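Coordinates in review
These are the residues of each chain, in order.
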Amino acid sequence: MAEKISMASSGKLNVPNHPIIPFIEGDGIGPEIWKVAQKVFDAAVAKAYNGERKIEWKEMLAGEKAFKQTGEWLPADTLQTAKDYILSIKGPLTTPIGGGIRSLNVAMRQDLDLYACVRPVKWFKGVPSPVVHPEQVDMIIFRENTEDIYAGIEWKAGSPEAKKFEKFLLEEMGVKSVRFPGDSSYGVKPVSVEGTKRLVRAAINHALENDLPSVTLVHKGNIMKFTEGGFKTWGYEVARQEYGDKTFTWDEWDQLKKEHGEAHANEVQRKALHDGKLLVKDIIADNFLQQILIAPKEFSVVATLNLNGDYISDALAAEVGGIGIAPGANINYKTGYAVFEATHGTAPKFAGTDSMNPSSVILSGCMMLDYMGWKEAAELITSALQATIMRKRVTIDFYNLMQGATLLKTSEFGDEIIENLGAVVADFQLKKSTGL
């Protein structure tokens, strides 16, 4: 009998063997890639657990399909369903043109307070890449999901609101750096202590739980000293005050250098890392975008604000094959609410062509399975996807960049992954029986 996933008092998910998981198929190419992904998930779960576990899928409406059926782009019932069932997964959604909701994705994140946008970035062998060593890219981005530009606080140039805000800045706050008063739009960038600390806390927890070497705070604090600079300061506070016995931070190193000299600071850091402590460091955002090209091995877990995270996630995705193969999740680690999603757009001109790569939503589903504790099914899918790519049986995005590849439709690509699940299971069993 199918049951809801629940959150235990311990803060851990209770996942039954037959959980009900809501989904939104998405707009544009969404229905095609979702149909393929669902088949892959079902096949992997059946193989991983010998039919003892099964997902009961429950559709919820958002986007164009919702608007056609209900007159609303994001019905209240959908948001309530996402809360009631805790986990859900979605394809890409269109952004309505005109008034109302700025973005359906943003609206869901705000309503459910999904404060962490989690984006793992790792190269699959054989995937075409514009960089020489994509195998050196292996990071997970924790992007703050509810503040910064996602607050949506801005006023159009010439509007009464913009004029009022400008008057307040000039006359009451003594601001003298508005270059073109009377001709400017304005936006407000809220960055809070609480919002920063819960995001950095999630990043540090992930690093510690997965035995990763570092967390890097990416910011533009050299210019925006109280917002982005605050993010850096408060992030270090979390590391020192809440994880002091498990971390060593660069601001600790800086203080030791001031008090005892650089040699002593270096020795303390060396010992801390030798003892297995997590290194928490920071870097200016523009420098980080350079370093991920020339020294990506230096980074494992990254914590950053919203706008920086937007740039960083897409830049890193390009290094490992593009957003067509980039998974994502939006998570509140306190309530357990999580929405896993394809990270690319709806590509409406390709809708109905059965030609696009479904890997983003498939890998997002792997993140969901892992979050549920069904790691075996997630590993099966990623291994089968790797085998499919290595055999050069791919959709058109990879086909156009590979020599000697076979072009597959979206549906055929999914079938190929499912077929390779059997080979992966056999390989796992062989390694287990031989002790390799």
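In case you missed it, the structure is sitting above this.
Heads up: these notes are all about the structure in this document. (Residues numbered from 1 in each chain as written. Predicted model: local features only at pLDDT ≥ 70, side-chain atom pairs only at ≥ 80, totals over all residues. Heavy atoms only, no water.)

1. Focus: the environment of Met 390
Condition: Helix and strand labels come from DSSP, where a helix needs a run of H or I of at least four residues and a strand needs a run of E of at least two; each type is numbered from the N terminus. Contacts: residue pairs with any heavy atoms within 4.5 Å of one another.
Relative to the elements of secondary structure, Met 390 occurs in helix α13 (residues 375-390). When neighbours within four sequence positions are excluded, Met 390 is seen to be in contact with Lys 125 and Gly 126.

2. With respect to empty space enclosed by the protein
The condition that has to hold: Using a 1 Å grid laid over the protein atoms alone, points where a 1.4 Å probe fits but cannot get out form a cavity; open sets with protein on both sides within 12 Å along at least 5 of 7 lines form a pocket; any residue with an atom within 4 Å of a point counts as lining. Grid points are joined across faces, edges and corners, and a volume is the space filled by probe spheres set on the points. Three categories are distinguished: nonpolar for Ala, Val, Leu, Ile, Met, Phe, Trp, Tyr, Cys and Pro, charged for Asp, Glu, Lys and Arg, and polar for the others, with Gly belonging to the last.
Under the criterion given, the structure shown has one cavity of 30 Å³ or more. The calculated volume of the largest cavity comes to roughly 40 Å³. Around the largest cavity sit Ile 24, Glu 25, Gly 26, Asp 27, Glu 59, Met 60, Leu 61, Ala 62 and Lys 65, which together line it. Tallied by class, residues from the lining of the largest cavity come to four nonpolar, one polar and four charged.

3. Quick look at helix α11 (residues 306-319)
Each turn of an α-helix holds 3.6 residues, which means side chains three or four residues apart point in the same direction. Under the convention used in this document: Residue count minus one, scaled by 1.5 Å, sets the expected span of a helix. To sort residues, take the accessible area from a 1.4 Å probe on protein chains only and compare it with the maximum for the residue type: under 20% means buried, over 50% means exposed, and anything in between is partly exposed. The arc in question is traced by the directions running from the helix axis to the C-beta atoms.
For α11, with 14 residues, the first-to-last C-alpha span of 20 Å sits near the 20 Å given by 1.5 Å per residue. Looking at α11, one finds that the buried residues are Asn 306, Asn 308, Gly 309, Ile 312, Ser 313, Leu 316, Ala 317 and Glu 319. Seen end-on, α11 carries its buried residues on one side only, within an arc spanning 150 degrees. Against the buried residues of α11 lie β6 (116-122), β7 (138-144), β10 (214-219), α7 (228-243), α10 (285-294) and β13 (301-304). One or two residues past the end of α11 sits Gly 321, with phi positive at roughly 125 degrees.

4. Observations regarding the sheet that holds strand β3 (residues 20-24)
The criterion, for reference: DSSP bridges decide pairing: two strands pair if at least two such bridges lie between them. Think of each axis as a best-fit line through the C-alpha atoms, taken over the contacting stretch in the case of a helix, with angles from 0 to 180 degrees between the N-to-C directions.
Ordered by their spatial adjacency, 11 strands build an open sheet running β4-β3-β5-β15-β14-β6-β7-β13-β10-β12-β11, and the pairing between neighbours is mixed. Bordering the open sheet on either side are β4 (56-59) and β11 (247-249), each of which pairs with just one other strand. Each neighbouring strand pair of the sheet contributes to a mean axis angle of 25 degrees, computed without reference to strand direction. As paired strands, β10 and β13 are joined by four bridges and run parallel to one another. Across the sheet, the residue bridging to Leu 217 is Ala 303, located in β13.

5. Looking at the packing of helix α12 (residues 359-372) against α13
Note the threshold: The labels follow the angle: roughly parallel below 35 degrees, roughly antiparallel above 145, roughly perpendicular from 65 to 115, and oblique for the rest. Here a crossing is called left-handed whenever its near helix is offset anticlockwise from the far helix by less than a right angle, and right-handed whenever the offset is clockwise.
Two numbers describe how α12 lies on α13: the axes approach to 7 Å, and their chain directions differ by 155 degrees. Here α12 is positioned roughly antiparallel relative to α13, judged by the angle of their axes. Our pair here, α12 against α13, has a crossing hand that is left-handed. Two secondary-structure elements touch here, α12 through Ser 359, Ile 362, Leu 363, Cys 366, Leu 369 and Asp 370 and α13 through Lys 375, Ala 377, Ala 378, Ile 381, Thr 382 and Leu 385. Looking at side-chain class alone, the contact of α12 with α13 contains eight nonpolar, two polar and two charged residues.

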